[in-house]
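Read off the chains here:
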Amino acid sequence: MPATFLPAMAKDSLSDPQLFVWAWPIFGAAAAASTYVLALLPKWLDLRKAWMLAQVVMAIGVVLPVVWRGHGSIIVAALAVGGTFMVVTAAAIQEARRTAPLEANAFIAAMTAAFALGQIAGPVAVSVLAGSRSAYDAPLVCASALLVAGAVLLAGGKARPSPATGKEETP
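Undergrad: Before we go on, may I ask you to explain the overall build of the protein in this structure?
TA: Helix and strand content of the protein: 7 helices and 2 strands. Starting at the N terminus and ending at the C terminus, the protein contains elements arranged as α-α-α-α-α-α-α-β-β. The buried share of the protein, taken over its 171 residues, is 38%. Residue pairs in contact within the protein that sit at least 24 positions apart in sequence constitute 65% of those at least 6 positions apart. In the form shown here, the protein has an accessible surface area of approximately 9,700 Å², with 71% of it arising from carbon and sulfur atoms.

Undergrad: I'm lost on the pattern of salt bridges in this one. Help?
TA: Should the charged atoms of two oppositely charged side chains come close, the side chains can pair. Under the definition given, this model contains 3 salt bridges. Its salt-bridge partner being Arg48, residue Glu95 comes within 3.2 Å of it at the nearest N-O pair. Taken together, the positions of Glu95 in helix α5 (residues 71–99) and Arg48 in helix α4 (residues 47–67) put the pair 47 residues apart, joining distant regions of the chain. Side by side, Glu95 and Arg48 carry an identical accessibility label, which is buried. In this structure, Arg69 engages Asp137 in a salt bridge whose closest nitrogen and oxygen atoms are separated by 2.6 Å. Taken together, the residues span a long stretch of sequence, with Arg69 in the loop between α4 and α5 and Asp137 in helix α7 (residues 137–155) at a distance of 68 residues. Here Asp137 falls in the partly exposed class, since its relative accessible area comes to 29%.

Undergrad: Would you explain the layout of surface pockets in this entry?
TA: Unfilled space is identified by rolling a water-sized probe across the atoms. Estimates place the volume of the second largest pocket at around 190 Å³. Forming the walls of the second largest pocket are 14 residues, and the residues nearest its centre are Val37, Leu41, Gly83, Thr84 and Val87. Breaking the lining of the second largest pocket down by element, the ones donating at least two residues are α3 (23–40), α4 and α5. Among the elements that make up the lining of the second largest pocket, the one with the highest residue count is α3 (5 residues). Among the residues making up the lining of the second largest pocket, the classes are represented as 11 nonpolar, 3 polar and no charged.

Undergrad: What should I look at first to understand the nonpolar core in this one?
TA: Nonpolar side chains tend to gather and get buried jointly when the protein is soluble and globular. By size, the foremost hydrophobic cluster in this structure holds 27 residues, and its most contacted members are Trp51, Met58 and Val62. Where this core is concerned, the elements lending two or more residues are α3, α4, α5, α6 (104–130) and α7. In terms of residues, this core owes the most to one element, α4, which gives 9 residues.

Undergrad: Whenever I open this one, a nonpolar patch on the surface confuses me. Can you help?
TA: On the surface, a nonpolar cluster with roughly 290 Å² of combined accessible area is contributed by Val67, Trp68 and Val76. Looking at where Trp68 falls in the secondary structure, it is placed in the loop between α4 and α5.

Undergrad: Looking at this model, I keep getting lost on the side chain of Ser34. Mind explaining?
TA: Topologically, Ser34 is positioned in helix α3. A polar side-chain atom of Ser34 sits 2.7 Å from the main-chain carbonyl oxygen of Ala31. Among residues more than four places away in sequence, those in contact with Ser34 are Gly82, Gly83, Met86 and Val87.

Undergrad: Please explain the packing of aromatic side chains as it appears in this structure.
TA: Each aromatic ring pair is specified by the distance between its two centres and by the angle formed by the two planes. The tally for this structure, following the rule as stated, stands at 2 aromatic pairs. Taking 5.2 Å as the distance between ring centres and 20° as the angle between the ring planes, the aromatic pair formed by Phe27 and Phe85 counts as stacked. With Phe27 in helix α3 and Phe85 in helix α5, this pair connects stretches of sequence that are 58 residues apart.

So, how was this worked out
All chains use their own residue numbering, which begins from 1 and follows the written sequence. It should be noted that, the model being predicted, local features are given only for residues of pLDDT at least 70 and side-chain atom pairs only at 80 or more, the latter also being counted only at that level, while totals for whole chains, interfaces and linings use all residues. In computing side-chain properties, one takes all heavy atoms of the structure into account and sets aside hydrogens as well as water. Helix numbers and strand numbers start at the N terminus; a helix is a DSSP run of H or I with at least 4 residues, a strand a run of E with at least 2. Partly exposed describes any residue whose relative accessible area lies between the buried limit of under 20% and the exposed limit of over 50%, with all areas from a 1.4 Å probe on protein chains only and scaled to the type maximum. Any pair of residues with heavy atoms lying within 4.5 Å of one another is described as a contacting pair. Per-residue and other accessible areas follow the Shrake-Rupley method at a 1.4 Å probe size, with only the shown protein chains counted as cover for residues. Any Lys or Arg side-chain nitrogen found within 4 Å of a carboxyl oxygen on Asp or Glu counts as a salt bridge. Each cavity reported here is a set of points on a 1 Å grid over the protein atoms alone in which a 1.4 Å probe fits but cannot get out, each pocket an open set with protein on both sides within 12 Å along at least five of seven lines, and each lining residue one with an atom within 4 Å of a point. Grid points are joined across faces, edges and corners, and a volume is the space filled by probe spheres set on the points. The residue classification treats Ala, Val, Leu, Ile, Met, Phe, Trp, Tyr, Cys and Pro as nonpolar and Asp, Glu, Lys and Arg as charged. All others, Gly included, are polar. What we call a nonpolar core is a set of buried Ala, Val, Leu, Ile, Met, Phe, Trp, Tyr and Cys residues that are connected through their side-chain atoms within 4.5 Å. To count toward a patch, a residue needs a relative accessible area over 30% and no salt bridge; like charges are then connected within 9 Å, while nonpolar side chains (Val, Leu, Ile, Met, Phe, Trp, Tyr) are connected within 5 Å. Residues adjacent in sequence count toward polar contacts only when both atoms are side-chain atoms; beyond that, a polar contact is any pair of N or O atoms within 3.5 Å, and within protein one must be able to donate a hydrogen and the other to accept it. Each aromatic pair joins two rings of Phe, Tyr and Trp (for Trp, the six-membered one) with centres within 6.5 Å, and gets the label stacked for planes under 30 degrees apart, edge-to-face for over 60, and tilted for any other angle.

Rendered as structure tokens:
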């Protein structure tokens, strides 16, 4: 949702049209850079923790334009959301493979379907919550809350034996 509406939010909140056109390039550059950073993370931070941290950073980036209006908030939001959505996706896929190697394809298929559903439902939900006024505050707060809730759920996993190694691991 935030990525879909970032340029529209930027256009609505910034008076200078030259500034709002930078929302997508900043988002894209952060997304590209995040894939390289993610490749380095498993050495010092496990993927599940990286996933949780990325969701929290994304939640902050999503809600930032609600609590801080202006040029800086759009740029920081673009960096925070752009820099984390690929981390969330890649870490989720790798965690599916790690925690359920025999069912990984089914989990990845379910995650892909859920993502597609979100891509369809997100704009509809925003349209309902925002109305015709382009009031993005309520949808952004809802999206941020869902991201935090997801991070909390990820943190709540219990240790269990891995099917691949037999050792106790946190799912």
